[in-house]
Amino acid sequence: MFSLTCSQRGADLIACGGNGRSRRRSVWRRSGGVRCQVPSTQNVDVPSLGPPVGIKPLVSGNGPIQMSSLLEAVSKDLQQLNNNLKSIIGSENPVLVSAAEQIFGAGGRRLRPALVFLVSRATVQIAGLKELTAQHQCLAEIIEMIYTASLIHDDVIDESGTRKGKETIHQLYGMRVGVLAGDFMFAQSSWYLANLENIEVIKLISQVIKDFANGEIKQHSSLFNCDLTLKEYLLKSYYKTASLIAASAKAAAIFSGVSSSICEQMYEYGKNLGLSFQVVDDILDFTQSAEQLGKPAGSDLVKGNLTAPVIFALEEPKLREIIYSEFGEDGSLDTAMQLVKECGGIKRAQDLAREKGDLAIQNLRCLHQCFLSFGCR
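So, how was this worked out
Residues numbered from 1 in each chain as written. Predicted model: local features only at pLDDT ≥ 70, side-chain atom pairs only at ≥ 80, totals over all residues. Heavy atoms only, no water. Helix = DSSP H or I, 4+ residues; strand = E, 2+ residues; numbered from the N terminus. Areas by Shrake-Rupley, 256 points an atom, 1.4 Å probe, with all protein chains shown as cover. Core = buried A, V, L, I, M, F, W, Y, C linked by side-chain atoms within 4.5 Å. Buried < 20%, exposed > 50% of the residue type's maximum accessible area, 1.4 Å probe, protein only. Contact = heavy atoms within 4.5 Å. Expected span 1.5 Å × (residues − 1). Phe/Tyr/Trp six-rings, centres within 6.5 Å; stacked < 30°, edge-to-face > 60°. Lys NZ or Arg CZ within 6 Å of the ring centre and 35° of its normal. Salt bridge = Lys/Arg side-chain N within 4 Å of Asp/Glu carboxyl O. Axes fitted to C-alpha atoms, helices over the stretch in contact; angles between N-to-C directions. Parallel < 35°, antiparallel > 145°, perpendicular 65-115°, else oblique. Left-handed = near helix turned anticlockwise from the far one by under 90°. Polar contact = N/O pair within 3.5 Å; in protein donor to acceptor, adjacent residues only side chain to side chain. Bend = angle between axes of the 7 residues up to and from the residue. Nonpolar A, V, L, I, M, F, W, Y, C, P; charged D, E, K, R; others polar.

**Things to note about the overall build of the protein chain**
Next up, step 1: What the protein chain contains, in helices and strands, is 17 helices and four strands.
Next up, step 2: Here the protein chain displays about 16,300 Å² of accessible surface, and carbon together with sulfur accounts for 50% of that area.

Pasting the structure below:
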């Protein structure tokens, strides 16, 4: 069995954000002195969504499964994907060709397509197939294009100057080209998606693109909002992170031809993995250095993006006051980050990530059961 579990997100999953100190006017305003009531993590879930890093790694007979061993299992698949990505852009527009070289040449572990290949290889065995189909390979390429397009747009929105040590597209060619390059990537991925000629997968992946926009709008509309609930945070995290991972896992299972129940379990696996992944990434913003993160520590907080560690610590009045002030005083960010740690925000966020990671592992049990049941389809 498999689970994408590791101790930190790869560099290819980090959105660099300049010096993180630029002030922006929040679209939310303080409404009285209402204290935020944080619900128990045991009762929080993304409502009616039917539709990673896990804190506790999956353990085999030989000990914890490492990320490197998981990626090694699909290394040939990923190599083929890397060879195909640049050619997908085409050669009609020199700027887009240069942008593709800048984007895909930056490397990275390609965790999302790796997940597609891992689910694909597990489910084709259940279906009795000997090898992955062309649809599996194309799906992985589409997922990486969609993810990359979202990063290009994120860099524009956040006015980020670098990503993985390289200048961002809009930094090189201007904001207009940056937006259009992201649009092109979304459009190109949609064209390849349509050519898969599977209406269920087309609907599934198309929803992801809509979810990206919903997540970005929700995040922007709740900046510096100390009344943001954990449920709202998880919904935003689903839109921005977990939706793509969930849809990727389910689509891979669909192309393998396994039962609808396994396909749904793969969706739930991707959703819970994605939520755990996002919570851990938000924790790292408080626990790692700027060098490790590739961006200033606390960059989300200073921009008013309140994540799980902050939400769990908002019972501290001083923290709320600092956030209300939008970090107007020198040293206020450092004080706020210290308060988050002292108030148990990090620990409770770790518990939440572990909870979602454990759910993801439970979703994988259906694969183990099928392997034990000869001829399960």
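Now, onward.
**Focus: the nonpolar core**
Next up, step 1: By size, the foremost hydrophobic cluster in this structure holds 109 residues, and its most contacted members are I205, M266, L301, V310, L319, I323 and F327.
Next up, step 2: Looking at this core, the element that brings in the most residues is helix α9 (residues 230-256), giving 17 residues.
Next up, step 3: Residues in contact with V310, not counting those within four places in the same chain, are F286, L301, L319, I323 and V340.

**Observations regarding helix α10 (residues 260-287)**
Next up, step 1: Taking 1.5 Å per residue as the helical rise, α10 with its 28 residues ought to reach 40 Å, and the 40 Å between its terminal C-alpha atoms agrees with that figure.
Next up, step 2: With 23 of 28 residues buried, α10 lies mostly within the body of the structure.

**Description of the packing of aromatic side chains**
Here a ring pair, both rings aromatic, is described through the centre-centre distance and the interplanar angle of the planes.
Next up, step 1: Going through the model one piece at a time under the given rule, you end up with four aromatic pairs.
Next up, step 2: Relative to F212, the ring of F186 lies with its centre 6.4 Å away and its plane at 50 degrees, an arrangement referred to as tilted. Taken together, the residues span a long stretch of sequence, with F186 in helix α7 (residues 175-194) and F212 in helix α8 (residues 199-221) at a distance of 26 residues. Comparing F186 with F212, the two get one shared label, buried.
Next up, step 3: With 6.4 Å between their ring centres and 50 degrees between their planes, F224 and F327 make a pair best called tilted. Residue F224 is found in the loop between α8 and α9, and its partner F327 is found in the loop between α14 (317-324) and α15 (332-342); the two are separated by 103 residues along the sequence.
Next up, step 4: A cation over an aromatic ring shows up here: R112 above the ring of Y147, its NZ or CZ 3.9 Å from the ring centre.
Next up, step 5: Stacked on the ring of F277, the Lys or Arg R112 has its end atom at 6.0 Å from the ring centre.

**Things to note about the pattern of salt bridges**
Next up, step 1: Summed over the entire model, instances satisfying the criterion amount to nine salt bridges.
Next up, step 2: Across the pair D227 and R320 runs a salt bridge, and its minimum N-O distance is 3.4 Å. Of this pair, D227 sits in the loop between α8 and α9 while R320 is found in helix α14, placing the two residues 93 residues apart along the sequence.
Next up, step 3: For K347, the salt bridge identified is with D351, shortest N-O distance 3.0 Å. Residue K347 and its partner D351 are both found in helix α16 (residues 345-363); the two are separated by four residues, about one turn of the helix.
Next up, step 4: A residue is classified by how much of its surface remains accessible, and K347, at 48% relative accessible area, is partly exposed.

**Here we look at the environment of D351**
Next up, step 1: Owing to a relative accessible area of 28%, D351 belongs among the partly exposed residues under this scheme.
Next up, step 2: Spatially, the C-alpha atoms of D351 and S276 are 9.9 Å apart, while their sequence positions differ by 75 residues.

**Quick notes on the packing of helix α5 (residues 134-158) against α9**
Next up, step 1: Close contact between α5 and α9 brings their axes to 10 Å; oriented N to C, the two are set at 170 degrees. Accordingly, the angle class assigned to the pair α5 and α9 is roughly antiparallel. For α5 against α9, the interelement crossing comes out right-handed. In this structure, α5 contributes Q135, H136, L139, I143, I146 and Y147 to the contact, and α9 contributes L244, S248, A251, A252, F255 and S256.

**Observations regarding the side chain of H136**
Next up, step 1: Its place among the elements puts H136 in helix α5.
Next up, step 2: Here H136 falls in the buried class, since its relative accessible area comes to 0%.
Next up, step 3: Among the polar contacts listed, one links the side chain of H136 to the side chain of S256, at a separation of 3.0 Å.
Next up, step 4: If near-sequence neighbours (up to four positions away) are discounted, H136 is found in contact with V116, F117, S120, V124, A252, F255 and S256.

**Quick look at α9**
Next up, step 1: Along α9, the sharpest kink reaches roughly 55 degrees, centred on A242.
Next up, step 2: Of all 27 residues in α9, 24 are buried; the element is thus mostly enclosed.

**Here we look at the packing of α5 against α7**
Next up, step 1: The contact between α5 and α7 brings their axes to 9 Å, and the two run at 160 degrees. The orientation of α5 relative to α7 falls into the category roughly antiparallel. Here α5 runs over α7; the crossing is left-handed. Touching C138, I142, M145, I146, T148, A149, S150, I152, H153 and V156 of α5 are M175, G178, V179, A181, G182, D183, M185, F186, Q188, S189, Y192 and L193, all from α7.
Next up, step 2: For the contact of α5 with α7, the class distribution of residues is 14 nonpolar, seven polar and one charged.

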